[in-house]
Amino acid sequence: MYDTIIIGAGPAGITAGIYAKRGNLETLIIHNGESALQRTKNIENYYGFIGGISGDKLYFNGIKQAENLGIDVKNEEVIKIEFKDNGYNIVTNIKTYSTKSVILATGIKKNAPKIKGIKEFEGKGISYCAICDGFFYKNKTVAVVGSGNYAVSEANDLINIVSKLIILTNGAEKPEIRGENVEINSKPIKEFEGNDKIEKIEFNDGTNLPIDGVFIAQGTADSSDFARKLGIMLNDNKIKVDENMETNISGIFACGDCIGGTLQISKAVNDGMIAGLSVIQYVKKL
Ligand SMILES: Cc1cc2nc3c(=O)[nH]c(=O)nc-3n(C[C@H](O)[C@H](O)[C@H](O)COP(=O)(O)OP(=O)(O)OC[C@H]3O[C@@H](n4cnc5c(N)ncnc54)[C@H](O)[C@@H]3O)c2cc1C
């Protein structure tokens, strides 16, 4: 069992990992290789790099630095975080790891679908958490929007509750999933329609699909997806933390872009440092 598992290897996650490891915690960092840093050609406002540094280089330097310290770093996709007796299970696309504490440092989601009607029907048939809201759709027809590991995981949480489950890949490749009541539809989605609640999905080709509920699970899960399932408080989709970067759930910390504020490397590093120091205190007291 790890003392702490950090989800994210950007400036926040790596800094948290460095402090945690130097505080003697058995530390694992899991990342899927996609950080906001990699969308940055040259970073010129971060301390210590004359002429700047490319985002990609800074990202992989951070990972190397963590590995050199003896931190386990895995390139996997985290799909779920589950409560267990004395900590948490972190479920990835490869395996399940157990830990006494968790630091969320997933940055901000960049692949949220922009489909007309999505905001309008949030809470009125559009949901972001199968385990939280699936029960409301007992014996109904629901859709999951997405095509990756996370969409499959959300679909699996719904299969035994709903009467019919349609996976809408929205133009992306079809995922591997089987079930008697499962259908896969890869038509690009035009918009969600309804009155007081969602009633149907319009596709670009002019056809439509009557629906009782829709679960959004496009791309990879981020901190806000994990938060909804664990009961972590959110503020405008950002994780709420106290001055120690601890969430309202004991043993779960968060840092960097996923907690909001100024979305910059210097701030992510500061948050990561606080989260790393706080998690040491937390684990020591267990
Ligand atoms: C185009 C652009 C330009 C920018 N330019 C600058 C700049 O010049 N200066 C500056 O200071 N800041 C800049 N920023 C902002 C800066 O990149 C971010 O503030 C910073 O990277 C945030 O760090 P973070 O560690 O919170 O998140 P990120 O760096 O985004 O890291 C997130 C980590 O979480 C991992 N992750 C997410 N979900 C999962 C999952 N389900 N499973 C496993 N791993 C997961 C990712 O793989 C990644 O390792 C820029 C951002 C962008 C988009």
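Here's what I pulled together on the structure shown here. Just so it is clear, the structure is predicted and the values come from calculations on it, not from any experiment. (Residues numbered from 1 in each chain as written. Predicted model: local features only at pLDDT ≥ 70, side-chain atom pairs only at ≥ 80, totals over all residues. Heavy atoms only, no water.)

1. Looking at the state of the cysteines
Defined as follows: Disulfides are defined in this document as cysteine sulfur pairs within 2.5 Å.
In this structure the tally under the stated criterion is one disulfide. Cys255 takes part in no disulfide bond, and the closest cysteine sulfur to it belongs to Cys258, at a distance of 6.3 Å.

2. With respect to helix 4 (residues 149–158)
For the α-helix, the turn length of 3.6 residues means that residues three or four positions removed from each other point alike. Rules: Only protein chains enter the accessibility calculation, which uses a 1.4 Å probe. A residue is then buried if its area is under 20% of the maximum for its type, exposed if over 50%, and partly exposed in between. The secondary structure listing takes helices from DSSP runs of H or I that are at least 4 residues long and strands from runs of E that are at least 2 residues long, numbered from the N terminus. We call two residues contacting when some pair of their heavy atoms lies within 4.5 Å.
For helix 4, the buried fraction is high: eight of the ten residues fall into the buried class. Taken residue by residue, helix 4 has Tyr150, Ala151, Val152, Ser153, Glu154, Ala155, Asp157 and Leu158 as its buried positions. The secondary structure elements touched by the buried residues of helix 4 are strand 4 (78–84), helix 3 (130–133), strand 8 (141–145), strand 9 (164–168), strand 14 (213–216) and helix 5 (223–230).

3. Observations regarding the pattern of salt bridges
It is possible for side chains bearing opposite charge to pair when their charged atoms get close. Just so we agree on the cut-off: Salt bridges, as used here, are contacts in which a Lys or Arg side-chain nitrogen is within 4 Å of a carboxyl oxygen on Asp or Glu.
Following the criterion strictly, the structure yields 14 salt bridges and no others. Between Glu202 and Lys200 there is a salt bridge whose closest N-O contact spans 3.6 Å. A network of salt bridges, in which partner residues are shared, links Lys109, Asp225 and Arg228.

4. Observations regarding the site of the ligand
For clarity, the threshold we go by: Distances are taken per atom, and a residue is near a molecule or strand as soon as one of its heavy atoms is within 4 Å of it. Here a polar contact means two N or O atoms within 3.5 Å. Within protein one must be a hydrogen donor candidate and the other an acceptor candidate, and residues neighboring in sequence count only if both atoms are side-chain atoms. Each accessible area is a Shrake-Rupley result for a 1.4 Å probe, and residues are judged covered by the shown protein chains and nothing else. Here the nonpolar group is Ala, Val, Leu, Ile, Met, Phe, Trp, Tyr, Cys and Pro; Asp, Glu, Lys and Arg are the charged ones; every other residue, Gly included, is treated as polar.
Near the ligand there are 31 residues, and of these Ala9, Asn32, Ser35, Asn45 and Tyr59 occur at the shortest range. Within the side chain of Asn45, a nitrogen or oxygen atom sits 2.8 Å from a nitrogen atom of the ligand. Alone, the ligand offers 1000 Å² of accessible surface; in the complex the protein occludes 87% of this. Elements that contribute at least two residues to the shell around the ligand include exactly helix 1 (11–22), strand 2 (27–31) and helix 6 (265–285). Of the residues in the shell around the ligand, the class split is 14 nonpolar, twelve polar and five charged.

Don't take any of this as a statement about function, it's just geometry.
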